[in-house]
Amino acid sequence: MLGLLWMLALTACASDGPFEGESPEGASGNDTPAERAGLGFTRDGALERVSPVGGERARQAEAARVVRELWEVAGARGAPGEVWTFDYQVHGGALTLLSFRRTSVGVGQGAGGTVEWSGFSRELTRSLSTLAGVKPRRLRFTLKRGPERWRFDLETVRGPVAVHARTVAEALPGASEPRVSDALTVARQLLPASRVPWEGRVHERARLQFEGLRLLQEVELGVFEVQEGSGRRSAPGSADLRMPVVQALLPFANAVGSRTVEVELEGRHVRGEAEPRWRVVAATTLEPTAPSEGMEDIAREYRAMQEDILRHWRQEVEDSARRAGVWSFEQLAYWYVGGFIAKGALGAMEAVAPTVAAVLGKGGAKAAQWFRTVLIRTPPAEREALQRIWMKAEAEGLMALKAGERAELQSLLKDMEHRLRAPITDKYSKDKLREWARQEYFEVHQPRLAQALGKDLLGTYQVHHLVPIEHAHLFPTRSINAAENLVGMAREVHSSVNSVWTFVRTNAKHASAKEVEEIARITHKHFGRWFHVLYDPSKSGAALASAEKAALKEVVAVLGL
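The rules behind each value
Residues numbered from 1 in each chain as written. Predicted model: local features only at pLDDT ≥ 70, side-chain atom pairs only at ≥ 80, totals over all residues. Heavy atoms only, no water. Helix = DSSP H or I, 4+ residues; strand = E, 2+ residues; numbered from the N terminus. Buried < 20%, exposed > 50% of the residue type's maximum accessible area, 1.4 Å probe, protein only. Contact = heavy atoms within 4.5 Å. Polar contact = N/O pair within 3.5 Å; in protein donor to acceptor, adjacent residues only side chain to side chain. Phe/Tyr/Trp six-rings, centres within 6.5 Å; stacked < 30°, edge-to-face > 60°. 1 Å grid on protein atoms, 1.4 Å probe; cavity = no way out; pocket = protein on both sides within 12 Å on 5 of 7 lines; lining within 4 Å. Points joined across faces, edges and corners; volume = space filled by probe spheres on them. Core = buried A, V, L, I, M, F, W, Y, C linked by side-chain atoms within 4.5 Å. Pairing = 2+ DSSP bridges. Axes fitted to C-alpha atoms, helices over the stretch in contact; angles between N-to-C directions. Parallel < 35°, antiparallel > 145°, perpendicular 65-115°, else oblique. Left-handed = near helix turned anticlockwise from the far one by under 90°. Nonpolar A, V, L, I, M, F, W, Y, C, P; charged D, E, K, R; others polar. pLDDT = per-residue confidence, 0-100. Salt bridge = Lys/Arg side-chain N within 4 Å of Asp/Glu carboxyl O.

## Observations regarding the overall build of the protein
- Of regular secondary structure, the protein possesses 19 helices and 10 strands.
- Taking all 561 residues of the protein together, the buried fraction comes to 52%.
- Expressed as a percentage of contacts within the protein between residues at least 6 apart in sequence, the contacts between residues at least 24 apart total 75%.

The structure is reproduced here in structure tokens:
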């Protein structure tokens, strides 16, 4: 296959007529660095990036964070005899917590010596980043509390790659005030309603929802049972009891997408103590249902964009110019389509943007490719506003959007809907559509033809829209760059086809959708033998002239001239 840079260095010939400039060199410069590089997704759905991410320091930071999580959940309060397991997904050096569980109960608080943080962390932190590696796999940490110290085992366990796992190692910031506040609110719902009997023990299950970086405040309470104690007298509680629960919940925020975490809590009151103790003794991220058939070919790309969005959100990138230049149009299109569907936003969009909602509702790569052509027609300021609002929705959930942001989002979508039925007039959009058409035609649809043409002929070979770009507004639900609308032909053939459309442009400035579609069919009928093939002028010159004459005759009849 011919290289991407070679393709982009050639003249973009995808055209809708001789009156249109065919080179992208005069574009207005609104394309991002990623877009100029032609970046999108790799074959396995990962993001192609302008610059590398991760690195050894990031992997060391991941390891240090994991050791802190083990300490806060089990190590700081563990009693001799306790055994805990923690499962993490490793991917690209990133470590994402999947689950933990206390598998053995200790002999009681106070027995044995106190374990200090420095001793706990020393054994693991130094070598964990090397032991974890970068290849996708599940790691299980087993922690066993002895009389004086914790002992650690590390093993690989079977299991699929978790869809919510991060794939880029990074030094994650500490828990922000909103994240701690969310966890405190959730802990308040879990604990006060579950009174612990005097010198007794209770067990509770619940399901929590995470959205991006945020823990949603709605809690699905499950089974609650008194395992010890009469329940006729309860131990008093205070707000301080929530912190062990908060510390156990926060690590699950370091993942991607929408996810459900099932937790099990234990509340216990010990004789002689004023208050009960609460601990999360097990927590598991539930595997989501498989994507629908229409979302299968977009789910991986959407998750890749989700992770990148959350990474930038954590880094608090407020410079809108920088933010707008990070992702290509293709990456953004996959992100928006996947997000609108996954978050159930299409229903709310129908009132202001029915066409957008209908096309995106079909899901899949075709919907993303269509939306990319919508984004290119959207003015830069509106693209930036949409990106800013949807980044917040991705990171914190739709409910985090304020009334003004919701109104702005509806206005942006309404303008998109209106623009679908307006002709594409700006040079930048048309040049970019032609550039994409040429790149996709040779790289995706006709790579063998590109090889057969070779460097010399490739620059002269034209990529043509059967329905020209100037008539795209007559077919708002179709992608003007859809594979079925792109045909390749030699320059001589393209000149004859353009003669037909020049005649239409001159004699029927307001051709209807039905007429345009019929004329496209006529051009395919008469010139189709020269589409997607090498052209030999010595054998086809006379036939080409006859085809042009016959096509013009039929067009005259269609237009009633």
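## A few points about the side chain of Glu382
- Note that Glu382 resides in helix α13 (residues 380-396).
- Polar side-chain contacts of Glu382 include one of 3.1 Å to the side chain of Arg419.
- Non-local contacts of Glu382, meaning those with residues more than four positions away in its chain, are made with Leu412, Asp415 and Arg419.

## A word on the packing of aromatic side chains
- Enumeration over the complete set of coordinates arrives at 21 aromatic pairs.
- Judged by centre distance (6.1 Å) and plane angle (45°), the rings of Trp84 and Phe100 are tilted. Taken together, the residues span a long stretch of sequence, with Trp84 in strand β1 (residues 83-91) and Phe100 in strand β2 (residues 94-104) at a distance of 16 residues.
- Put simply, the rings of Trp335, Tyr336, Phe340, Trp370, Phe371 and Trp390 pair up and form one aromatic cluster.

## Section: the layout of surface pockets
- Here the second largest pocket is characterised by a volume of approximately 670 Å³.
- Along the walls of the second largest pocket sit 26 residues, with Val163, Ser258, Pro288, Thr289 and Arg303 positioned nearest its centre.
- When contributions to the lining of the second largest pocket are tallied by element, the ones reaching two or more residues are β5 (201-211), β7 (258-268), α7 (296-314) and α9 (329-342).
- It is α7 that contributes the most residues to the lining of the second largest pocket, six residues altogether.

## A few points about the nonpolar core
- Grouped together as the largest cluster of nonpolar side chains are 77 residues, with contacts concentrated most on Leu360, Phe371 and Phe527.
- Setting aside its immediate chain neighbours within four residues, Phe527 contacts Val493, Ser496, Val497, Val500, Leu544, Ala547, Glu548 and Ala551.
- Listed in part, the 50 residues of the second largest apolar core include Leu190, Leu191, Ala206 and Leu249.

## Overview of the sheet that holds β7
- Pairing within the open sheet is antiparallel, and its eight strands lie in the order β4-β3-β1-β2-β8-β7-β5-β6. Sheet topology places β4 (150-157) and β6 (214-228) at the edges, where each strand pairs with a single neighbour. Averaged over all adjacent pairs, the angle separating strand axes in this sheet is 25°, with direction ignored.
- The pairing of β2 with strand β8 (residues 277-285) spans three bridges and is antiparallel. When the sheet's bridge partners are listed, Phe100 is paired in β8 with Ala283.

## Quick notes on the packing of α9 against α13
- It is at 12 Å that the axes of α9 and α13 come closest, and there the two elements cross at 50°. By the angle between their directions, the pair α9 and α13 is classed as oblique. By crossing handedness, the relation of α9 to α13 is classed as left-handed. When α9 is examined against α13, the residues Phe329, Leu332, Trp335, Tyr336, Gly339 and Phe340 are found in contact with a partner set consisting of Arg383, Leu386, Gln387, Trp390, Met391 and Glu394.
- By residue class, the composition of the contact of α9 with α13 is eight nonpolar, two polar and two charged.

## Regarding the confidence of the model for the protein
- Across the protein, the average pLDDT comes to 85, with 87% of residues at or above 70.
- Low pLDDT (under 50) marks residues 1-29, which in the prediction has 86 contacts with non-local residues, meaning those over four places away or in another chain.

## Things to note about empty space enclosed by the protein
- The tally for this structure, following the rule as stated, stands at three cavities of 30 Å³ or more.
- Trp370, Thr373, Arg377, Leu420, Ile424, Ala472, Phe475, Pro476, Arg478 and Ile480 are the residues that line the largest cavity.
- Taken together, the residues of the lining of the largest cavity break down into seven nonpolar, one polar and two charged.

## Overview of the pattern of salt bridges
- Within this structure, the stated rule accounts for 34 salt bridges.
- The partner of Glu517 in a salt bridge is Arg478, with the nearest N and O atoms 2.4 Å apart. In this pair, Glu517 is assigned in helix α18 (residues 513-527) and Arg478 in the loop between β9 (462-465) and β10 (486-489), connecting sequence segments 39 residues apart.
- With relative accessibility at 35%, the residue Glu517 sits in the partly exposed group.
- With a relative accessible area of 42%, Arg478 lands in the partly exposed category.

## A short note on the packing of helix α12 (residues 364-376) against helix α15 (residues 427-445)
- One way to put it is that α12 packs onto α15 with a least axis distance of 9 Å and a crossing angle of 150°. Of the possible angle classes, the one that applies to α12 and α15 is roughly antiparallel. Contacts between α12 and α15 involve Gln369, Arg372, Thr373 and Ile376 from the first element and Tyr428, Ser429, Lys432, Leu433, Trp436 and Glu440 from the second.
- Looking at the contact of α12 with α15 residue by residue, the classes come out as four nonpolar, three polar and three charged.

## A few points about the environment of Val467
- Along the chain, Val467 falls in the loop between β9 and β10.
- Along the primary structure Val467 and Leu486 are separated by 19 residues, whereas in three dimensions their C-alpha atoms are 8.7 Å apart.
- Contacts of Val467, omitting those with residues within four sequence positions, involve Phe475, Ile480, Asn485, Val516 and Ala520.

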